[in-house]
Structures are given as C-alpha cells and as structure tokens.
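Overview (structure and organization)
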Amino acid sequence: METETVHITPYRAHAWVLITLLALTFLTITVTWIDLSALTVLVAMLIASVKAYIVLTYFMHLKFESSLFRVFVIMVLAIYVLVILFTLSDYLFR
Amino acid sequence: MTEAKTHHPEPSYLVDTGKYKGLMAWLTSTDHKRIGLMYMYAMMIFFSVGGLLGILMRIELFYPGQQIYGPQVYNGLFTIHGIIMIFTVVIPGLAAVFGNFSMPIMIGAKDVAFPRLNLFSFYLYVLGAAIALSSQFMGNGPPDTGWTFYAPYSIQTHTNVVAAVFGAFVLGFSSILTGLNFIVTMHRMRAPGMTFFKMPLFPWSLYATAWIQVLATPIVGITLLMVIAERWLRIGFFDPSLGGDPVLYQHLFWIYSHPAVYIMILPAMGVITEIIPTFAQKRIFGYKAIAISSLAIALVGYFVWAHHMYTSGMSTTARWVFSLLTFLVAVPSAIKVFNWVATMYKGSISMRPPFLFALGFIFLFMIGGMTGLSLGALATNVHVHDTAYVVAHFHYIVFGGVGFAFFAAIYYWYPKMYGRMYNFKMANWSFVFLFTGFNLLYFPQFIIGIMGMPRRYFDYLPQFTLGQQLSFFGAILLAIGFIIMLITLFSKKGAKAPDNPWGGRTFEWRIPSPPPLENFEVMPEMGENEEPYDYK
C-alpha cells in the first residue's frame with residue numbers, strides 16, 4: 001500500500017473561501033442590475049468559473065492532491081468544453 | 001498487503017457464514033460475487049418480460065391491420081419494451097453482473113472498493129426498475145413516447161411519462177455509483193505487480209465503461225428532471241409552445257444515450273477478449289491496442305451523439321461534423337475485431353459453448369457495425385432514418401452484440417460462479433436456436449426497412465407481410481433458444497467443476513470453484529515478467 005499524507009485545511013482558510021464565495025454571489029446579483037447586453041452571460045459565466053475554481057481547489061482538496069486528480073479534472077473539463085463546442089456547431093450555423 | 005491464511009480452506013461465498021441465512025443473507029450481502037448474481041437474476045427476469053412484450057408486438061404485426069389490440073396499446077408496448085431492455089438489462093448488463101462477479105478477482109482484490117455502496121447501487125437499480133415498471137399500472141395509462149421520451153410529445157402526452165422518466169433517473173444513479181466504485185477499485189486495489197498494462201482486458205473495458213457512466217449519465221439525469229419540471233411547472237425548456245427548443249432535448253438526451261451504447265458494448269467486447277485467448281490457448285494479439293482502443297471508443301463515442309438527429313433540423317455544419325466523427329469511432333472497434341481474429345489464427349481452438357457464442361458475437365457485431373456505417377453516412381441515413389432498417393441495426397448491436405456476449409459470459413464463468421459444469425450438448429443447441437432465431441428475426445427488418453417500412457408503426461402495407469412473418473418465426477426460435485439455455489444452466493446440478501475448466505490464465509482460474517468469500521487465501525502477486533495471457 002502507498003503511504004499517504006493527510007492534509008487538514010485550517011478553519012480560517014475555509015472561512016475565507018466561504019466569504020469569497022458569498023462576495024462573488026453578491027457580485028453576480030449586482031451585475032444583473034447593470035445592462036451589459038451581450039456580455040451579461042459572459043460575465044456571469046466568468047464569475048461562476050472563478051467560484052467553481054475556488055470550490056475545486058479548496059473544498060474539494062485538489063490543491064493538496066496528487067497531479068493524477070488534476071489530470072482527471074482537466075480531462076473532464078476538456079470533454080465538457082468539447083460537448084459545448086459540438087452542440088454550438090448546430091446552434092451557430094442553423 | 002500479503003496475508004497468509006493457509007490453515008483452513010475458506011468456505012465458498014455460496015455458504016451463508018454471516019448473521020443471516022437464506023434469502024436475507026443474499027439481500028444483505030455486500031460480497032461482490034453475490035451482488036453480481038443478484039443483478040443477473042434480476043436481469044434475466046427483466047429480459048424475459050421484455051422479450052415477451054417483443055413477442056406480443058410480433059404477433060400483432062403478423063398480418064397488416066389490427067389483430068388483437070389497437071395502436072395505443074402497441075405504442076405502450078414498444079415504449080416499455082425499450083425502457084425495460086435498455087435501462088434495466090443492457091445498460092447495467094455485463095458491467096453490473098460480470099463486472100461485479102469477476103473484475104475484483106481478475107485484478108487480485110478481495111472485493112470492490114466500496115462494498116456497501118455496491119449493495120446500495122443494486123437497491124437503487126431495483127427501485128428504479130420498480131418505479132419505471134409501475135408507470136404501466138398507474139396514472140393515465142402506460143407511456144407511449146418510445147424509450148427516448150422525445151419532447152415535445154413527452155411534455156404533451158397524458159400518459160404516465162413522469163414515473164417512467166423518474167425510474168430511468170434513479171437507474172442512472174445506480175449506474176453512476178457502480179462506475180465510480182469500479183474506477184476506484186481498479187486504481188487502488190490491483191494486486192502488487194499488476195500495472196495498468198498488465199491488467200486483464202475485461203477490467204480494461206470496464207474501466208473505459210466506468211468513465212462514461214460517471215461522466216455521461218448525469219447529463220441524462222438532469223435532462224429527465226427537466227422533462228418532469230416542464231410537465232409539472234410548465235417551464236419552457238423543450239416545448240416550443242412554452243418557448244422551448246425540442247432539438248435541445250434531443251442533444252441532451254443523445255449526449256448520454258449514445259455513449260450509453262458504449263456502456264453496453266465495451267464490457268461485451270471485454271468478455272469476448274477474455275474468451276478468445278482462453279479457447280484458442282494463445283496469447284492475445286495486440287494487448288495494448290485492445291486496451292487503448294477501449295479508451296478511444298469511450299472518448300470518441302462521447303462526441304458522435306448527433307448522428308441520431310440528422311433529420312431533426314440541425315445545421316448542415318453540425319451534420320457533417322457528426323458524420324465524420326461517427327466514422328472515426330469505427331476505427332477502434334475494427335481494431336478489436338482484427339485483434340480477435342488474429343488471436344484465433346493458428347491457435348489450438350476448442351469449440352466449447354462460450355467460444356461458439358463469442359464467434360456468434362463477432363459475426364453479428366460485424367453486421368451491426370457495417371450497417372452502422374451506412375447509418376452514420378449522412379446521405380444514406382436520411383433515406384432509412386426511422387425505418388425498420390434502424391431497428392435491425394441496433395438490435396444487431398444491442399442484442400447480437402451485448403446479448404450474445406452476455407450468454408457467452410454466463411457459459412464462460414458459470415463453472416466459477418456455481419462450482420458446477422453444464423451439459424455442452426444442450427448449450428450448443430441453445431446457440432443454434434438463438435443464432436438462427438436472431439438472424440431470422442432481425443435480418444428481414446433490414447430488407448423491409450430499405451423498402452420503406454417505418455419503425456414504431458402498428459400497421460403496414462401488404463408488401464412487408466413476408467418480412468414481418470419471417471421475423472415472427474425468428475422470435476419464436478429465439479425464445480426457444482433462451483428457454484433451452486435456462487434449462488441447461490438452472491434445471492439440475494451438473495458435475496463438479498474443476499478450478500480451471502477452460503485452461504484460462506487470469507486470476508479467477510487460479511482459485512477454487514466456487515471462490516471463497518474473500519476470493520484469495522493468499523493474496524496474489526504478479527511477477528515482473530508475468531503477463532495476463534501468457535499461454536505457451
């Protein structure tokens with residue numbers, strides 16, 4: 001069996017992640033009051049991506065895991081991007 | 001890691017050693033072998049019910065016009081036939097039964113990584129199947145949408161779509177958890193010395209399958225919930241009258257349901273890859289090519305979904321992109337077929353029942369695969385879309401492929417499962433009936449499909465009568481073959497099986513038949529120069 005080191009994240013770090021996520025949620029709501037026309041969705045997606053990154057890194061512990069886990073997550077994201085791109089090959093060219 | 005338990009031979013997993021005895025001991029067991037068998041029994045029941053519904057459809061189609069029931073009953077019949085066969089038989093299929101029974105032993109593990117989660121997956125499977133089947137008896141009658149639940153009809157019909165859809169959603173959860181369990185098991189619990197490229201090829205196929213289960217199934221889960229939300233809350237996802245887009249439903253549905261075809265077929269290919277070297281007594285040809293082609297099929301198979309939608313109103317750009325991708329997925333599939341044939345070349349072949357079924361698989365899978373190319377090609381697809389040709393094609397893959405591999409796998413691992421042999425002569429007869437019946441049932445559907453017989457039609461023009469009647473007789477032969485198989489395997493106890501009746505080389509053939517509860521008395525190791533298929 002491999003030996004594993006267990007990383008325990010301090011409460012303070014979790015608290016900061018929580019505050020950041022709440023702040024970003026507040027930001028998401030705030031930008032809906034501003035008329036950004038076509039950019040609205042893009043900005044919302046950008047904020048959501050930052051939130052997802054923070055959740056994956058700290059709450060889901062990717063920062064402290066071996067690179068194998070990162071490879072798997074990147075692979076999943078790559079598949080997700082490809083699925084969206086192929087679907088857009090229909091919607092953008094109709 | 002190594003434990004020596006050499007004092008007393010462990011009792012077989014079939015002996016109740018825990019707190020409960022009899023049925024309760026099985027229902028509460030977290031042993032992967034028992035869970036595999038429970039899946040098998042459940043699937044055989046569902047398969048029999050689904051098959052019976054298929055025969056009911058064939059009886060109605062024996063002559064043109066109405067015979068014994070009307071179009072609404074026919075719509076309900078093909079819908080529930082599809083739901084049962086797809087969601088409760090072929091999708092969990094080989095992975096749930098033989099993945100559970102054989103995979104942990106083949107990689108040298110005592111059990112799967114999460115045994116309780118494994119039992120939970122089984123109960124989710126039973127619950128999901130029960131909910132899906134209850135749709136037949138509750139609400140405003142059986143669903144009539146087809147197993148694909150296409151919007152906007154599935155939003156508008158008054159039949160009991162919600163129960164069927166929710167049942168499929170629960171079954172999806174079972175599939176995700178099984179996939180997750182298998183991925184972790186294969187990453188963390190392989191025997192010392194067994195690197196990934198020394199792992200047998202059935203586990204390899206399960207590994208590729210498990211990734212599709214984990215990544216694709218949530219998409220259909222959400223899609224099915226969206227159908228329920230749209231029916232109950234009138235949110236306009238898919239129904240144009242509510243502002244939705246029906247083509248979006250088809251995208252979301254097939255993003256899962258096409259990879260689901262590979263969830264079905266990859267473990268089938270894995271089983272065939274185990275059987276052929278064993279009965280040819282020859283090292284598998286192109287081990288790495290087969291292993292990597294499983295991953296390639298899983299990956300490319302994820303991006304071909306829209307070939308089900310060429311006539312749905314997609315953009316031309318999307319149609320040629322998906323047509324091209326569809327042709328690409330044929331490459332790794334063909335690699336496997338070439339490697340199987342090359343393995344048999346100059347092997348010392350023994351024509352035992354599992355090998356016969358494996359040959360049947362290759363023959364039927366090739367017909368299914370080649371006709372898949374004519375469906376993947378944009379120009380020919382639009383002519384045969386939604387005809388009996390498609391029905392024949394997918395039955396050649398799903399039944400001729402997965403079904404025959406399932407039968408091959410039962411005959412292959414049966415001596416290990418029960419510690420008993422079976423009557424080879426009877427088993428060979430079951431093959432003759434199943435193979436002849438299968439071709440007689442589905443091959444005429446290719447012909448009448450090209451002639452213009454639409455699928456899912458309760459009535460037809462007189463020129464299709466001969467084809468429909470041949471199919472009926474094929475269905476009867478097929479049913480007889482299945483009954484012979486059940487009698488061969490379960491009617492009476494055969495002679496005691498040796499530990500290694502076929503001369504196999506993988507770990508399951510090095511332990512007693514049936515295996516002890518924790519599989520190995522001494523945990524196995526794989527030497528540096530050892531290979532999974534080192535036939536001399």
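Residues numbered from 1 in each chain as written. Chains lettered and ligands numbered in written order. Predicted model: local features only at pLDDT ≥ 70, side-chain atom pairs only at ≥ 80, totals over all residues.

Quick notes on the overall build of chain B
- Helix and strand counts for chain B come out as 16 helices and zero strands.
- For chain B, the C-alpha radius of gyration of 23 Å lies close to 24 Å, the compact-globule estimate for 536 residues.
- With the principal axes as the frame, chain B shows a C-alpha extent of 70 × 50 × 45 Å.
- A burial count over chain B gives 51% of its 536 residues as buried.
- A fraction of 84% describes how many contacts in chain B between residues 6 or more apart in sequence connect residues 24 or more apart. (Helix = DSSP H or I, 4+ residues; strand = E, 2+ residues; numbered from the N terminus. Rg over C-alpha atoms; globule rule 2.2 N^0.38 Å. Buried ≥ 20, exposed ≤ 12 C-beta atoms within 10 Å, placed from the backbone. Contact = placed C-beta atoms within 7 Å.)

A closer look at the domain arrangement of chain A
- Domain boundaries assigned for chain A yield domain 1 (8-60) and domain 2 (65-94).
- Taking only C-alpha atoms, the centre of domain 1 of chain A and the centre of domain 2 of chain A are 21 Å apart. (Domains from an automatic or database assignment.)

Quick notes on the interface of chain B and chain A
- Contacts between chain B and chain A engage twelve residues on the former and eleven residues on the latter.
- For the side of chain B that touches chain A, the secondary structure elements donating two or more residues are helix H9 (246-280) and helix H11 (316-344) of chain B.
- Examining the composition of the side of chain B that touches chain A, we find that three residues originate from one element, H11 of chain B, more than from any other.
- In terms of residue class, the side of chain B that touches chain A is made up of nine nonpolar, three polar and no charged. (Nonpolar A, V, L, I, M, F, W, Y, C, P; charged D, E, K, R; others polar.)

A look at the nonpolar core
- Ile 272, Ala 405 and Ala 408 of chain B are the most contacted members of the largest nonpolar core, which has 158 residues in total.
- With residues near it in sequence (within four places) discarded, Ala 408 of chain B still touches Val 271, Ile 272, Ile 275, Pro 354, Phe 357, Ala 358 and Phe 361 of chain B. (Core = buried A, V, L, I, M, F, W, Y, C linked by C-beta atoms within 7 Å.)

Re helix H10 (residues 287-301) of chain B
- The end-to-end C-alpha distance of H10 of chain B, which contains 15 residues, comes to 21 Å, matching closely the 21 Å that a straight helix rising 1.5 Å per residue would cover.
- Its buried side turned inward, H10 of chain B meets helix H8 (201-233), H9 and H11 of chain B. (Expected span 1.5 Å × (residues − 1).)

Side note on the environment of Asp 499 of chain B
All names here are of chain B.
- Structurally, Asp 499 is set in the segment after helix H16 (465-490).
- The spatial distance from the C-alpha of Asp 499 to the C-alpha of Ile 511 is 6.3 Å, given a sequence separation of twelve residues.
- Not counting the four nearest positions on each side in its chain, Asp 499 is found in contact with Trp 509, Ile 511, Pro 512 and Ser 513.

Focus on the packing of helix H2 (residues 32-60) of chain B against H16 of chain B
All names here are of chain B.
- Two numbers describe how H2 lies on H16: the axes approach to 9 Å, and their chain directions differ by 155 degrees. Between H2 and H16, the interaxial angle falls into the category roughly antiparallel. Like other packed secondary-structure pairs, H2 and H16 cross with a definite hand, here left-handed. Facing H2, whose interface residues are Gly 51, Gly 54, Ile 55 and Arg 58, H16 presents Ser 471, Phe 472, Ala 475, Ala 479 and Phe 482.
- Grouping the amino acids of the contact of H2 with H16 by side-chain chemistry returns five nonpolar, three polar and one charged. (Axes fitted to C-alpha atoms, helices over the stretch in contact; angles between N-to-C directions. Parallel < 35°, antiparallel > 145°, perpendicular 65-115°, else oblique. Left-handed = near helix turned anticlockwise from the far one by under 90°.)

Here's the deal with the environment of Leu 517 of chain B
Residues and elements named next belong to chain B.
- With respect to the helices and strands, Leu 517 occurs in the segment after H16.
- Separated by 350 residues in sequence, Leu 517 and Gly 167 place their C-alpha atoms 33 Å apart.
- In contact with Leu 517, other than residues within four places in its own chain, are Glu 10, Pro 11, Tyr 13, Thr 17 and Asp 31.

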